[in-house]
Amino acid sequence: MTRRSLYEFDDYKTYFNHWVESQPKQGHGEYRRVAQALKVSTTMISQVFKGDKHLSLEMACELCDYLSFNDDETEYFLLVVEFKKSGSYKLSNRLMKQIK
């Protein structure tokens, strides 16, 4: 699988799952390694990336370090996390403008 650019995604979960699948052995064990790096349970990581929970901004920032993002990539990723967590149309709209 060819790794796509972070900037091609406006959903952090879709990006991360794509990234995992692009790793050797389709990312087998990657959720466990991420959980260890973020100091959370593997269950939590699974609930976030396969369910309806969201990363906190603090966890998202740690994940950016784990993924070795540069400053621009980190800012974009955090913005996309904020967008997915937003609870109002007005905020979602404002954040989507920044993403675009």
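What counts, and where the lines are drawn
Residues numbered from 1 in each chain as written. Predicted model: local features only at pLDDT ≥ 70, side-chain atom pairs only at ≥ 80, totals over all residues. Heavy atoms only, no water. Buried < 20%, exposed > 50% of the residue type's maximum accessible area, 1.4 Å probe, protein only. Helix = DSSP H or I, 4+ residues; strand = E, 2+ residues; numbered from the N terminus. Arc of directions from axis to C-beta. Contact = heavy atoms within 4.5 Å. Polar contact = N/O pair within 3.5 Å; in protein donor to acceptor, adjacent residues only side chain to side chain. Salt bridge = Lys/Arg side-chain N within 4 Å of Asp/Glu carboxyl O.

Peer 1: So what's going on with helix H2 (residues 30-38)? Residues and values would help.
Peer 2: Of the positions making up H2, those classed as buried are Glu30, Tyr31, Val34, Ala35 and Leu38. Looking straight down H2, one finds its buried side chains confined to an arc of 135°; they lie on one side. Next to the buried residues of H2 lie helix H1 (12-21), helix H3 (42-50) and helix H4 (57-66). Directly after H2, the chain includes lysine 39, whose backbone phi takes a positive value near 60°.

Peer 1: Tell me about unusual backbone geometry, and please be specific about residues and values.
Peer 2: Here glutamine 26, not a glycine, exhibits a phi torsion of approximately 50°, which is positive. Along the polypeptide, glutamine 26 turns up in the loop between H1 and H2. A positive phi is found at serine 68, a non-glycine position, where the angle reads about 60°. Among the structural elements, serine 68 can be located in the loop between H4 and helix H5 (71-85).

Peer 1: With reference to specific residues and values, describe helix H6 (residues 89-99).
Peer 2: Ser92, Leu95, Met96 and Ile99 are the residues of H6 that are buried. An end-on view of H6 places all buried positions within 105° of arc, on one side of the element. H6 presents Lys90, Arg94 and Lys97 as exposed residues on the side facing more than 90 degrees away from its buried surface.

Peer 1: Would you mind going over the environment of aspartate 11 in detail, with residue names and values included?
Peer 2: Its place among the elements puts aspartate 11 in the segment before H1. Aspartate 11 sits 13 residues away from proline 24 along the chain, and the two C-alpha atoms are 23 Å apart. Beyond its immediate chain neighbours, meaning those up to four positions away, aspartate 11 contacts Val80 and Lys84. At 3.1 Å, the side chain of aspartate 11 and the backbone nitrogen of threonine 14 are in polar contact.

Peer 1: Help me get a handle on the pattern of salt bridges, residues and values and all.
Peer 2: Applying the stated criterion to the full structure yields three salt bridges. A salt bridge links lysine 84 to aspartate 11, with the shortest nitrogen-to-oxygen separation between them at 3.6 Å. With lysine 84 in helix H5 and aspartate 11 in the segment before H1, the pair connects residues that are 73 residues apart, well separated along the chain. Look at lysine 84 and you get partly exposed, because its relative accessible area is 30%. A salt bridge links glutamate 30 to arginine 33; the nearest nitrogen and oxygen atoms lie 3.0 Å apart.

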